[in-house]
2 protein chains.
Amino acid sequence: MPPKPIEPAPHAPHLALAHQLADVARTKTLRHFRTPVRVENKAVDGFDPVTVADVAAEKAMRQLLKRLAPDHGVSGEELADTVGAGRYTWVLDPIDGTRAYMAGLPLWGTLIGLVEDGKPIVGLMDQPFTGERFFGSPAGAFLTHGGQTLRLKTRGTTRLTEATLMATTPDMFKGRGERAAFGRLEATVRLRRFGGDCYAYAMLAAGHIDLVVEASLKAVDIVPLIPIIEAAGGVVSTWDGGDPLHGGRILAAANGDLHRDAQAVLLNAALS
Amino acid sequence: MPPKPIEPAPHAPHLALAHQLADVARTKTLRHFRTPVRVENKAVDGFDPVTVADVAAEKAMRQLLKRLAPDHGVSGEELADTVGAGRYTWVLDPIDGTRAYMAGLPLWGTLIGLVEDGKPIVGLMDQPFTGERFFGSPAGAFLTHGGQTLRLKTRGTTRLTEATLMATTPDMFKGRGERAAFGRLEATVRLRRFGGDCYAYAMLAAGHIDLVVEASLKAVDIVPLIPIIEAAGGVVSTWDGGDPLHGGRILAAANGDLHRDAQAVLLNAALS
């Protein structure tokens, strides 16, 4: 079967801008990645490489947006929101996974999303150390790595007992209800692994894992990932099936069947 | 201060052979990394990419050893041990972190160690996807990445309350004693993160984290990492301060002070 041609992208200029934003952010985030932290001085002068990199990357992205898309709004992790004159708002998280960043692990990412009239339509996750860039729009979801671009497609796993589940840390589940619900789900699946941040959602879109179930997320932690997951065939919502746009308790699944079954386990556990 | 010259390496030929072993293993492990798993067929024909890659990489390394070091013994993760005629035994784990491998995460590694008269003297951890290779011997510990070689040095953190602690998964702690001991330590440190496998020990050697505390390890999971950690300035032992050569409960620390204090917390918790 010949490869399917890539259809014209309705949001191509927006996607191109997302790539430019990732390009300016990566020089800032990489500059401080794995630099020595003088622990003994940190308490004194408050120097924290991850905060410095985070703020520098967001400032660089905001400067570019001010120049190239002055009527777009900006909602960032680090600096105050800017309301736009039009329908578009950029959602920026310069370093998602700050703890992974601090520990030297290449699982953090720069998240860049574009929301049009309340709907995430373009999303990008850049991992500058490995050189991987995952992005999605209505034209499809793709990974660029080592000069090659691959189309992303979620996995066909439909049974929970065959599924691989990821979450960043058990600490994100607060209170007995959330812990019981996650516990019920992890007892059902084939494999559960902690330690993922945005990289786990990228692996879901790429077809290597089946479920990401998290809690206590901010909007900026999930919005830029939604267009990638959806264009790859996945389903994202809150645990109770609501709009994931505001973060909170998030359930991302490789497909609709798995999403429905995982949701049933989470909700039944919470009610029992 | 001018850079310190690299002193002549007493085990240079062995280290060179370790690099050759890593080179032959990486083509085998990369070939199956992130290849699609047909979940629906796996139950039928038992095809499992990680097992295929694991066995192929170990076979390739054993063939090379048979040709270049026929009198050395070999103890591998996948195949039966070979007793050598001399003082040297190679310890091979083609894919440490099989769950990370299955989930597409670049935190697994190929572990290659050489034991001389019961003492690990050369160790290597290769991460083929990121192109990072960590290695250590009495001549020092180094990371090769992107054509550059950096000397590894553990961090100077001496207070547990400032330390970053890693472990692969909470599931590795069996029974109330181990869980209580790890729980006491994670309540003491500044930051605890799950999801590391051999990559966590590499980050400890590189000075990005301070402690790795694990349990249920096999000898092959830790032996190849010991020369890297020690040459970088770290300290590795079992929780009770014993020889880590046989695996089990492992405590690796960035320096002697931190090792002593972490050990006291683990042992006090286990006794109380």
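Preceding block: the structure.
First, a word on what this report is: a plain description of the structure on this page. Since the structure is predicted, the reported quantities are computational estimates derived from the model, not experimental observations. (Residues numbered from 1 in each chain as written. Chains lettered and ligands numbered in written order. Predicted model: local features only at pLDDT ≥ 70, side-chain atom pairs only at ≥ 80, totals over all residues. Heavy atoms only, no water.)

A word on the nonpolar core
The cut-off we apply is this: To form a nonpolar core, buried Ala, Val, Leu, Ile, Met, Phe, Trp, Tyr and Cys residues must be joined to one another through side-chain atoms within 4.5 Å. Classification of residues uses two cut-offs on accessible area relative to the type maximum, computed with a 1.4 Å probe and protein chains only: under 20% is buried, over 50% is exposed, and between them is partly exposed. For this analysis, residues touch if any pair of their heavy atoms sits within 4.5 Å.
Counting residues in hydrophobic clusters, the biggest one holds 124 residues, and the most contacted among them are Leu211(A) and Leu211(B). Among residues more than four places away in sequence, those in contact with Leu211(B) are Leu160(B), Ala163(B), Thr164(B), Leu165(B), Met166(B), Val189(B), Leu204(B), Leu251(B), Ala252(B), Ala253(B), Leu258(B) and Ala262(B).

Some words on the environment of Trp239(B)
What counts here: Helix numbers and strand numbers start at the N terminus; a helix is a DSSP run of H or I with at least 4 residues, a strand a run of E with at least 2.
Relative to the assigned elements, Trp239(B) resides in the loop between β11 (235-238) and β12 (248-253). Once you skip the residues sitting within four places of it in the chain, Trp239(B) turns out to touch Phe173(B), Glu178(B), Ala181(B), Val213(B), Glu214(B), Ala215(B), Arg249(B), Ile250(B), Leu251(B), Gln263(B), Leu266(B) and Leu267(B).

A word on the sheet that holds strand β8 (residues 164-167) of chain B
Note on sheets: strands pair through backbone hydrogen bonds, and any given pair is parallel or antiparallel. All names here are of chain B. To keep things clear, this is the line we draw: Strand pairing is assigned whenever DSSP detects at least two bridges linking the two strands. Structural elements are reduced to axes, namely lines fitted to C-alpha atoms, with helices fitted over the stretch in contact, and the angle between N-to-C directions of any two is expressed from 0 to 180 degrees.
Pairing is mixed in the open sheet, where five strands are placed in the order β9-β8-β10-β12-β11. If you trace the sheet from one side to the other, it starts and ends with β9 (191-194) and β11, each paired once. The sheet shows a mean angle of 20° between the axes of neighbouring strands, taken without regard to direction. The pairing of β8 with β9 spans four bridges and is parallel. Looking at the pairing, Thr164 lines up with Leu191 of β9. Seen against the sheet, helix α6 (residues 198-205) touches β8, β10 (211-217) and β12 and runs at an angle of roughly 150° to β10.

So, helix α5 (residues 175-188) of chain B
Residue and element names in this part refer to chain B. The following threshold applies: Expected helix span is computed as 1.5 Å times (number of residues minus one). The arc in question is formed by the directions pointing from the helix axis toward the C-beta atoms.
Between its first and last C-alpha, α5 extends 21 Å over 14 residues, near the 20 Å set by a 1.5 Å rise per residue. If you check which residues of α5 are buried, you get Glu178, Ala181, Phe182 and Leu185. Seen from one end, α5 has its buried residues packed into an arc of 90°, which puts them on one side. The exposed set on the far side of α5, more than 90 degrees from its buried face, consists of Arg176, Arg179 and Ala187.

Quick notes on the interface of chain B and chain A
Our working definition: Buried area is a sum: the accessible area each of two parts loses on coming together, probed at 1.4 Å, counted once for each and added. Just to be clear on terms, a salt bridge is a Lys or Arg side-chain nitrogen sitting within 4 Å of an Asp or Glu carboxyl oxygen.
Contacts between chain B and chain A engage 37 residues on the former and 35 residues on the latter. Here chain B and chain A share an interface that buries about 3,100 Å² over both sides, 60% of which is from carbon and sulfur atoms. Where chain B touches chain A, the interface holds six salt bridges. Notably, a salt bridge pairs Asp197(B) with Arg193(A), separated by 3.0 Å at the nearest N-O pair. Mapped onto the side of chain B that touches chain A, the elements with two or more residues apiece are α2 (39-45), α4 (98-102), β6 (140-145), β9 and α6 of chain B. Sorting elements by how many residues they give to the side of chain B that touches chain A places β9(B) first, with four residues.

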